[in-house]
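Structural features, examined
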Amino acid sequence: MKPSQRCQSVQLIITDVDGVLTDGRVIYDNQGIESKAFYIRDGLGIKLWRKAGGKFAIITGRNSHVVQLRASELGLDAVRQGTEDKRKTASEIMRHFGVTAEQTAYIGDDLPDMAVMQIVGLAVAPADAANEVRDAAHHVTQLAGGRGCVRELVEFILQNQKRWDDVIQMYSSSVSPAAGTSQRT
């Protein structure tokens, strides 16, 4: 089945964090405080997906206060940190939201993500994912992790569901350039 066909039933997107929502680097300052850089367009992509009625979740093997802050800012539907068995956690999230594996897309960049990719309807890898992960994916984005791959995935799914124009129209009609308002992404 073509990736475009796999998009048709997707209702839930699950993503890894490091290497997908970030460029994979973990930075510590001299006090041991962790920081990560999130790409703003990925954030807007997540918001657009949620405006379109989709669910969005994070599964990550690490625990990070920064990830919780970003997830809260974006209003994510589920966040699971410190996960050793991503496949089991993904199955629990799918059950929680009442969606099947075929209705789920997962985007991951490295070997711990492959078990989830084997069970979902649409398995996606960023352009700079590990070779084995790109080979296992149904679709590989053109953009790298931490550089817009999640936004690209959201657009890919919505375009193939023939809902992208509706999302753009909904978004553009709700933002008035004259109002000078900003929306956090």
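Here, every reference points to the structure presented above.
The text that follows walks through the structure, step by step, so that each part is easy to find.

What counts and how
- Residues numbered from 1 in each chain as written.
- Predicted model: local features only at pLDDT ≥ 70, side-chain atom pairs only at ≥ 80, totals over all residues.
- Heavy atoms only, no water.
- Helix = DSSP H or I, 4+ residues; strand = E, 2+ residues; numbered from the N terminus.
- Rg over C-alpha atoms; globule rule 2.2 N^0.38 Å.
- Contact = heavy atoms within 4.5 Å.
- Axes fitted to C-alpha atoms, helices over the stretch in contact; angles between N-to-C directions.
- Parallel < 35°, antiparallel > 145°, perpendicular 65-115°, else oblique.
- Left-handed = near helix turned anticlockwise from the far one by under 90°.
- Buried < 20%, exposed > 50% of the residue type's maximum accessible area, 1.4 Å probe, protein only.
- Pairing = 2+ DSSP bridges.
- Expected span 1.5 Å × (residues − 1).
- 1 Å grid on protein atoms, 1.4 Å probe; cavity = no way out; pocket = protein on both sides within 12 Å on 5 of 7 lines; lining within 4 Å.
- Points joined across faces, edges and corners; volume = space filled by probe spheres on them.
- Nonpolar A, V, L, I, M, F, W, Y, C, P; charged D, E, K, R; others polar.
- Polar contact = N/O pair within 3.5 Å; in protein donor to acceptor, adjacent residues only side chain to side chain.

**Considerations on the overall build of the chain**
When helices and strands are counted, the chain shows eight helices and eight strands. In summary, the chain has a C-alpha radius of gyration of 16 Å against a globular reference of 16 Å for 185 residues, a match within 12%. Taken along the three principal axes of its C-alpha coordinates, the chain extends 50 × 45 × 30 Å. The contacts of the chain with a sequence gap of at least 6 include a subset with a gap of at least 24, amounting to 57%.

**Comments concerning the packing of helix 2 (residues 40-51) against helix 3 (residues 65-74)**
What describes two packed helices is the angle between their axes and the distance between those same axes. Between helix 2 and helix 3, the least distance of the axes is 10 Å, while the angle of their chain directions is 45°. Taken together, helix 2 and helix 3 sit at an angle that is classed as oblique. Handedness of the helix 2/helix 3 crossing: right-handed. Touching Ile40, Gly43, Ile46, Lys47 and Arg50 of helix 2 are Arg70, Glu73 and Leu74, all from helix 3.

**A look at the pairing of strand 1 (residues 12-15)**
Along a regular strand, successive side chains alternate from one face of the sheet to the other. Here strand 1 shows two buried faces, one formed by Leu12 and Ile14 and the other by Ile13 and Thr15. Where strand 1 lies against strand 4 (residues 55-59), four bridges are found, and the strand directions are parallel. Across the sheet, residue Ile13 finds its bridge partner in strand 4, namely Phe56. Sheet analysis places strand 1 next to strand 6 (residues 104-107), joined by four bridges and oriented parallel. Its bridge partner being in strand 6, Ile13 is matched across the sheet by Ala105.

**Looking at the sheet that holds strand 1**
As summarised here, the arrangement of the six strands in space is 5-4-1-6-7-8, forming an open sheet in which the pairing is parallel. The open sheet terminates on both sides in strands that have one partner only, identified here as strand 5 (78-80) and strand 8 (139-140). Judged from the two bridges that link them, strand 7 (residues 122-125) and strand 8 form a sheet pairing that is parallel. From the neighbouring strand, Ala125 faces strand 8, where its bridge partner is Val140. With respect to the sheet, helix 2 is in contact with strand 1 and strand 4, its orientation differing from that of strand 4 by roughly 135°.

**A few points about helix 2**
Taking 1.5 Å per residue as the helical rise, helix 2 with its 12 residues ought to reach 16 Å, and the 17 Å between its terminal C-alpha atoms agrees with that figure. Positive phi appears at Gly53, one or two residues downstream of helix 2, with a value of about 100°.

**Considering empty space enclosed by the protein**
Any space left empty among the atoms is revealed by the rolling of a water-sized probe across them. One pass over the full model with this rule turns up one cavity of 30 Å³ or more. In this structure, the largest cavity encloses a volume near 40 Å³. Together, Leu21, Phe38, Tyr39, Asp42, Gly43, Ile46, Arg70 and Leu74 line the largest cavity. Those elements that provide at least two residues to the lining of the largest cavity are helix 2 and helix 3. Per-class residue counts for the lining of the largest cavity are five nonpolar, one polar and two charged.

**Some details on the pairing of strand 6**
Neither face of strand 6 is exposed, since Thr104 and Tyr106 on one face and Ala105 and Ile107 on the opposite face are all buried. Bridging between strand 6 and strand 7 involves three bridges; their strand directions are parallel. Residue pairing in the sheet places Ile107 in a bridge with Val124 of strand 7.

**As for the side chain of Lys36**
Mapped onto the secondary structure, Lys36 falls in the loop between strand 3 (34-35) and helix 2. On the basis of relative accessible area, Lys36 is assigned to the buried category, the value being 12%. Side chain to side chain, Lys36 and Asp18 meet in a polar contact 2.5 Å long. In this structure the side chain of Lys36 is engaged in a polar contact, spanning 3.1 Å, whose partner is the side chain of Glu34.

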